[in-house]
Amino acid sequence: MAAIPLTHTLLLAGLLFALGLAGVLLRRNLIFILMSVEIMFNAAGLAFIAAGARWGQADGQVMFIFILSLAAAEVALGLALLLLLHPRLPTLDADAASELKG
């Protein structure tokens, strides 16, 4: 089986991260923003896995497990905040949430 070059994997991780960053910066829907952050987490995890495989270390896999747990916590917190925000605002627009300043 032929190995995938490190540059191709890091290029894919960079493209995924740029796609997630564009989603965070350009979209206003809170659920879409959360999904874009997940894409960015997965891109960072892919880069760690690729680097760990290149040097034959398990550190990349350990960091990926840490990133997965961080992503799960982010989803739980983000969705909990959305559920708390929904009775006050009927929309999922991120700009509407800025009206809640005290």
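As a reminder, the structure under discussion sits directly above these lines.
Conventions adopted
- Residues numbered from 1 in each chain as written.
- Predicted model: local features only at pLDDT ≥ 70, side-chain atom pairs only at ≥ 80, totals over all residues.
- Heavy atoms only, no water.
- Helix = DSSP H or I, 4+ residues; strand = E, 2+ residues; numbered from the N terminus.
- Rg over C-alpha atoms; globule rule 2.2 N^0.38 Å.
- Buried < 20%, exposed > 50% of the residue type's maximum accessible area, 1.4 Å probe, protein only.
- Contact = heavy atoms within 4.5 Å.
- Areas by Shrake-Rupley, 256 points an atom, 1.4 Å probe, with all protein chains shown as cover.
- Lys, Arg positive; Asp, Glu negative; His and termini not counted.
- Charge placed at Lys NZ, Arg CZ, Asp CG, Glu CD.
- Expected span 1.5 Å × (residues − 1).
- Patch = residues over 30% accessible without salt bridge, like charges linked within 9 Å, V, L, I, M, F, W, Y side chains within 5 Å.
- Salt bridge = Lys/Arg side-chain N within 4 Å of Asp/Glu carboxyl O.
- Axes fitted to C-alpha atoms, helices over the stretch in contact; angles between N-to-C directions.
- Parallel < 35°, antiparallel > 145°, perpendicular 65-115°, else oblique.
- Nonpolar A, V, L, I, M, F, W, Y, C, P; charged D, E, K, R; others polar.

Chemist: Would you mind showing me how to read the overall build of the protein chain here?
Modeler: Each helix and strand in the protein chain was counted, giving four helices and zero strands. Of the regular secondary structure in the protein chain, the N- to C-terminal order runs α-α-α-α. Taking 102 residues into account, the globule formula puts the C-alpha radius of gyration at 13 Å, and the protein chain, at 17 Å, lies well above it. Here the C-alpha coordinates of the protein chain stretch approximately 55 × 25 × 25 Å along the principal axes. Within the protein chain, the fraction of its 102 residues that count as buried is 24%. Relative to all contacts within the protein chain whose residues are 6 or more apart in sequence, the contacts with residues 24 or more apart total 55%. As displayed, the protein chain offers around 7200 Å² of accessible surface, 73% of which is attributable to carbon and sulfur atoms. On the protein chain, the mean spot of the 5 positive side-chain charges and the mean spot of the 6 negative ones are 4 Å from each other.

Chemist: I'm lost on helix α3 (residues 59-85) in this one. Help?
Modeler: Because an α-helix packs 3.6 residues into every turn, residues spaced three or four apart end up facing the same way. The terminal C-alpha atoms of α3, which comprises 27 residues, lie 38 Å apart, in line with the 39 Å expected from a rise of 1.5 Å per residue. Among the residues making up α3, those that are buried are G60, I67, A71, E74, G78, L82 and L85. Contact partners of the buried residues in α3: α2 (30-55) and α4 (94-97).

Chemist: Just checking my understanding: could you explain a nonpolar patch on the surface for this structure?
Modeler: On the surface, a nonpolar cluster with roughly 420 Å² of combined accessible area is contributed by F17, L21, L25 and L26. Tracing the chain through its elements places L26 in helix α1 (residues 6-26). Since its relative accessible area comes to 68%, L26 is described here as exposed.

Chemist: How should I be thinking about the packing of α2 against α3 in this particular structure?
Modeler: In a pair of packed helices, the angle between the axes and the distance between the axes together describe the arrangement. Here α2 crosses α3 at 175 degrees, and the two axes come no closer than 9 Å. The pairing of α2 with α3 is recorded here as roughly antiparallel in orientation. Within the contact of α2 with α3, the residues separate by chemical class into 19 nonpolar, six polar and two charged.

Chemist: Sorry, what's going on with the pattern of salt bridges here?
Modeler: Note on pairing: side chains with opposite charge can pair once their charged atoms come close. Here the structure, examined in full by the defined rule, presents one salt bridge. A salt bridge links D95 to R28, with the nearest nitrogen and oxygen atoms 3.4 Å apart. Pair noted here: D95 is in helix α4 and R28 is in the loop between α1 and α2, with a separation of 67 residues, a long-range link.

Chemist: Any chance you could explain the environment of N29 here in plain terms?
Modeler: Along the chain, N29 falls in the loop between α1 and α2. A relative accessible area of 35% means that N29 is categorised as partly exposed. Along the chain, N29 and S98 lie 69 residues apart, while their C-alpha atoms are 13 Å from each other.

So far we have only geometry, and geometry alone does not tell us how the molecule works.
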